[in-house]
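What the coordinates show
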Amino acid sequence: MKVPFLDLKAHHDPIRDEVRAALEEVIDQNAFAGGPCVDAFEKEFAAFCGAAEAIGVGSGTEALWLALLGLGIGPGDEVITVPNTFIATAEAISFTGAKPVFVDVSEETYNLDPLLLEAAITGRTRAIIPVHLYGQTADMSAILAIANARSIPVVEDAAQAHGATSEDRLAGSMGMAGCFSFYPGKNLGAWGEAGAVVTDNPELAKEIRKLRDHGQPRKYEHDVVGWNSRMDGMQGAVLRIKLARLDDGNHARRSIAAQYTKSFASCPEIGVPLNAGNTGHVYHLYVVRVRERDRVQNALTSRGVACGIHYPVPVHLQPAYRDLGYSEGSFPVTERCAQEILSLPMYPELSRDQVDYVSEQLLTAISAEESEKMAAP
Ligand SMILES: *Cc1c(COP(=O)(O)O)cnc(C)c1O
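Note that this is a predicted model, so its numbers are computed, not measured.

Before going further, it helps to spend a moment on the site of the ligand. Close contacts around the ligand come from 14 residues, with Gly60, Thr61, Asp157, Ser181 and Lys186 the closest. Between glycine 60 and the ligand, the recorded distance is 2.8 Å, taken from a backbone N or O atom to an oxygen atom. Burial of the ligand by the protein amounts to 93% of the accessible area it has alone, namely 380 Å². Every element with two or more residues in the shell around the ligand is listed here: helix 4 (60-70) and helix 5 (88-94). Its residues placed into classes, the shell around the ligand shows 5 nonpolar, 7 polar and 2 charged.

On to the nonpolar core, then. The biggest cluster of nonpolar side chains holds 30 residues, and the ones touching the most others in it are Ile80, Leu117 and Ile128. Among the secondary structure elements, those contributing two or more residues to this core are helix 6 (117-120), helix 7 (140-149) and helix 12 (332-340). Residue contributions to this core peak at 5 residues, all from helix 7. Each of domain 1 (8-243) and domain 2 (247-375) accounts for three or more of the residues forming this core.

So, on to the layout of surface pockets. The computed volume of the largest pocket comes to approximately 510 Å³. As for the largest pocket, its lining consists of 29 residues, and the residues nearest its centre are Phe86, Ser181, Tyr183, Lys186 and Tyr311. When contributions to the lining of the largest pocket are tallied by element, the ones reaching two or more residues are helix 4, helix 5 and strand 8 (177-181). Classifying every residue of the lining of the largest pocket by side-chain character gives 16 nonpolar, 10 polar and 3 charged. Each of domain 1 (8-243) and domain 2 (247-375) accounts for three or more of the residues forming the lining of the largest pocket.

Looking at helix 12, one finds that the buried residues are Val333, Thr334, Glu335, Cys337 and Ala338. Looking at the buried positions of helix 12, the neighbouring elements they touch are strand 11 (286-289), helix 11 (293-302) and strand 12 (341-344).

What counts as what
- For every chain, the first residue of the written sequence is number 1, and numbering continues from 1 onward in sequence order.
- pLDDT decides what is reported in this predicted model: residues at 70 or higher carry local features, side-chain atom pairs at 80 or more are listed and counted, and totals for whole chains, interfaces and linings draw on all residues regardless.
- Excluded from the side-chain calculation are hydrogens and water; included are all heavy atoms of the structure.
- Note on terminology: near, applied to a residue and a molecule or strand, indicates that one of the residue's heavy atoms is within 4 Å of it.
- Pairing of N or O atoms within 3.5 Å defines a polar contact, subject to two protein rules: one partner must be a possible hydrogen donor and the other a possible acceptor, and residues neighboring in sequence count only if both atoms are side-chain atoms.
- Working definition of accessibility: Shrake-Rupley area with a 1.4 Å probe, residue cover restricted to the visible protein chains.
- The helix and strand labels rest on DSSP assignments: H or I over at least four residues marks a helix, E over at least two residues marks a strand, and numbering proceeds from the N terminus.
- Residues are grouped as follows: Ala, Val, Leu, Ile, Met, Phe, Trp, Tyr, Cys and Pro are nonpolar; Asp, Glu, Lys and Arg are charged; all remaining types, including Gly, are polar.
- Definition used in this section: a nonpolar core is a set of buried Ala, Val, Leu, Ile, Met, Phe, Trp, Tyr and Cys residues joined via side-chain atoms within 4.5 Å.
- Exposure is judged per residue with a 1.4 Å probe applied to protein chains only, and the accessible area is read against the type maximum: over 50% gives exposed, under 20% gives buried, and values in between give partly exposed.
- The start and end points of each domain follow an automatic or database-based domain assignment.
- Definitions used for this entry: grid spacing 1 Å over protein atoms alone; cavity, a set of points where a 1.4 Å probe fits but cannot get out; pocket, an open set with protein on both sides within 12 Å along at least 5 of 7 lines; lining residue, one with an atom within 4 Å of a point.
- Grid points are joined across faces, edges and corners, and a volume is the space filled by probe spheres set on the points.
- Any pair of residues with heavy atoms lying within 4.5 Å of one another is described as a contacting pair.

In C-alpha cells, the structure reads:
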C-alpha cells in the first residue's frame, strides 16, 4: 500500500465543480484583486474565529508581518517567539526591523513554555508570538496573564490551527491579533497563496487594511509607506467554499488522530501527541516522537508511507539566523524534539485502512529497532 503524506487531489475532487463555478463568477465580476468574494470571505472567516474583523492578505508570512507593522513594531524592538516553528514566524519579525528573541517550548505540547517567558522579557519587548504548532493552541491563559500584566500585545501564529480551541476560545481570537496562512496544505488551504489577520481591535484592523493596500485609506492617498498584500479574488472564492467544510475536515482529522493514538497505546517507545488541558487540537499534523527517527522514517518510506519532519533544524540553528548569536544547546527541548519528531500522514480523506497500515508499519519499524538492541552485545 502507498500512503502519501498529503493528498490534495482527494481533498479537492469533491468540490471541483463548485469551485469552478465560483471561479467563473470571479471572472464575470472582473474582481481579481480583492473584491466581493474577498469581502464576503473576510466576514465569514471573522465570524468563524469569533473575531470582529478579518483582513485578507497575500500569505501567512505577510499576515504576521503586517500585524506587527500595524502595532508599530520596528527597529530597536524585540519580539518573542519560539525556535520550534516554521521560519516564517521569525522572518516576519525580522522584516519589521525588530529582533526575534526565542523562548524554548514545553516537552509535552511542543508549544511556548510559559514558565520560561518572563525571563525573556526586556524593556524592548514589544510583542509575543506564541505559535499554535501542529494544530494545538499554546497555553494562552498563562501567556496572556504574563503579557497583559506588562501591556505587551500577543499576536497568535495560528497558521496551523484554523478552528483549534482553548477553553472554548478559538485560535486567533485570544490575543490582540491572530495570523492565519491559507497555503494549500494547511487545514484551510487556498488554490494558491493567501493569509489573513483577525482582530477585535478596530484601529489595528484599519491600520492593517491600509498597510496591505499601499498605505492608502482612499485611492491615491498614501498616509504611510505600505505594501501590496491584497488577497486574490479567486482565493476568496475558493476559501469561502472550503471554509464551509473546515469543521468536517477538522472532525475527520481528530478521529484519524484518535485511531493512531489507540494503535500506539501498547507501545511506550512511540510518544503520541498530548492533548494538554482543555485544548481542541485540530491535528494539522500528527507528530510522534521516536528514538532513531531517521532509521524509522527510512523504514516507513521503504514500505510506501511518506512522513515529514516539522522541523528538522530549529530556527535558531539556521544559517539565516546565525547573527542572533544562539548556538547548539541554547534551546535544549526544541533541539531534542528536532531529533525525534516524525509527522505521520494526516489529511481528512485518509481511510481507516490507510491509518491501520501506517500504524502497523510504524509498530513494525519500532519492534525491529527493539529486537536489534536486544541482539546487540
Ligand atoms: C505556514 C506557516 C506560516 C507561513 O504561512 P505562508 O502562508 O506559507 O506564508 C507561518 N507560520 C507557521 C507556523 C506556518 O506553519
